[in-house]
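# Descriptive structure summary
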Amino acid sequence: MGDPLSFLTAPLAFEFMQRALLAAVLIGAVCSVLSCYLVLRGWSLMGDAISHAVLPGIVLAYVTGLPLAVGAFAAGLSCAVLTGYLKTNSRVKEDTVMGIVFSGMFGLGLVLMTKVETDQHLVHILFGNMLGVTWRDVAEIALISGSVLMIVLAKRRDLVLYCFDPQHARAIGLPVGLLHYGLLALLSLTIVASIKAVGVILVVAMLVTPGATAFLLTRRFENMLALSAAVSIGSCVLGTLISFHIDGATGPCIVLIQSAAFVLAFLFAPGSGVLRTRSGNETGNA
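So, here's what we can say about the structure. (Residues numbered from 1 in each chain as written. Predicted model: local features only at pLDDT ≥ 70, side-chain atom pairs only at ≥ 80, totals over all residues. Heavy atoms only, no water.)

## Here we look at the overall build of the protein
Helices and strands together make up the secondary structure of the protein, namely 13 helices and zero strands. Counting from the amino terminus, helix and strand elements in the protein follow one another as α-α-α-α-α-α-α-α-α-α-α-α-α. Its C-alpha atoms give the protein a radius of gyration of 20 Å, near enough to 19 Å, the size a compact globule of 286 residues would have. For the C-alpha atoms alone, the extent of the protein along its principal axes is close to 70 × 60 × 30 Å. When the 286 residues of the protein are sorted by exposure, 46% land in the buried category. Counting contacts in the protein only where the partners sit at least 6 residues apart, residues at least 24 apart contribute 73% of the total. If you sum the accessible surface of the protein, you get close to 13,900 Å²; carbon and sulfur atoms cover 66% of it. Distance between charge centroids for the protein: 11 Å, based on 16 positive and 14 negative side chains. (Helix = DSSP H or I, 4+ residues; strand = E, 2+ residues; numbered from the N terminus. Rg over C-alpha atoms; globule rule 2.2 N^0.38 Å. Buried < 20%, exposed > 50% of the residue type's maximum accessible area, 1.4 Å probe, protein only. Contact = heavy atoms within 4.5 Å. Areas by Shrake-Rupley, 256 points an atom, 1.4 Å probe, with all protein chains shown as cover. Lys, Arg positive; Asp, Glu negative; His and termini not counted. Charge placed at Lys NZ, Arg CZ, Asp CG, Glu CD.)

Below, the structure is given as structure tokens:
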């Protein structure tokens, strides 16, 4: 690791690292875009809920012989719809409903896993296995990520208005219900694309931290998207390379780098960084 060039090029000699880095870039890109909308909408807990709720769908898909992505998407979307129904038809607040639904579905998934004789790859759903992705996995990630990105970019103005002010969006005639469930469907698809690589536990960090970091660094949404993508993709690539050199778990390495980027933004962001603000106040008082 002493030679920077070797740090970058040595992993590329291995095909599994080529697959991992390509998957990392694709996942980093799609998570960065969805992250911005989740942060603006205040849906960080929704990402957590859906990521945990996909587990029973994955296990049932494995048992029935269906593609795991189909089961994961169905379970994630069911969680989102059930959360909305319970919120509408009860006095319980949305965050409480989400906690109940995702913990219940996650518990169901864990029980099903203990009853199903399976090979190791279902366990990897919990913690991810970036270095173990196949070319088929990469193709699946590329298909889902590309589709989500195209839809989001095509509807980005409507989605931004909906996330900023749903009441105003409804008043000017936008299909708020369609945008609401469409965004949830895109979130579910993004989790499906990411889950084999980073796992149920860590995918929520991938969906929240880049957008939150970018939110601290800029007040313009276009710049927020660009900064979020830079943080997310850069962290995914760097974390994958570091995990290769230290023989560590890839998902946690990626999340740690993203968390470090958030801390740096929190401390040093222009105009809002804690240390910059404190330094400015001290200079003004002097």
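## Points about the pattern of salt bridges
Tallied over the full model, the rule gives two salt bridges. Ionic pairing is found between Arg19 and Glu15, a salt bridge with its closest N-O pair at 3.7 Å. On the criterion of helical spacing, the pair formed by Arg19 and Glu15 is a turn pair, its members being four residues apart in helix α2 (residues 15–41). Glu15 sits in the partly exposed class, given a relative accessible area of 44%. When the shortest N-O distance is used, the salt bridge between Arg220 and Glu222 registers 3.9 Å. (Salt bridge = Lys/Arg side-chain N within 4 Å of Asp/Glu carboxyl O.)

## A short note on the side chain of Ser235
In this fold, Ser235 is placed in helix α11 (residues 221–246). A relative accessible area of 4% means that Ser235 is categorised as buried. In contact with Ser235, other than residues within four places in its own chain, are Ala230, Ile254, Ile257 and Gln258.

## Thoughts on the packing of helix α3 (residues 44–64) against helix α10 (residues 176–217)
Two measures define how a pair of helices packs: the angle their axes make with one another and the distance between the axes. Contact geometry for α3 and α10: axes closest at 8 Å, N-to-C directions at 85°. Our classification of the angle between α3 and α10 gives roughly perpendicular. Seen from α3, the contacting residues are Ser44, Met46, Gly47, Asp48, Ile50, Ser51, His52, Val54 and Ile58; seen from α10, they are Leu184, Leu187, Ser188, Ile191, Ile195, Val200, Ile201, Val203, Val204 and Val208. The residue makeup of the contact of α3 with α10, split by class, is 13 nonpolar, five polar and one charged. (Axes fitted to C-alpha atoms, helices over the stretch in contact; angles between N-to-C directions. Parallel < 35°, antiparallel > 145°, perpendicular 65-115°, else oblique. Nonpolar A, V, L, I, M, F, W, Y, C, P; charged D, E, K, R; others polar.)

## Remarks on helix α4 (residues 68–88)
The terminal C-alpha atoms of α4 lie 30 Å apart, and with 21 residues this matches the ideal 30 Å at 1.5 Å per residue to within 8%. Taken residue by residue, α4 has Leu68, Ala69, Gly71, Ala72, Ala75, Gly76, Cys79, Ala80, Thr83 and Gly84 as its buried positions. (Expected span 1.5 Å × (residues − 1).)

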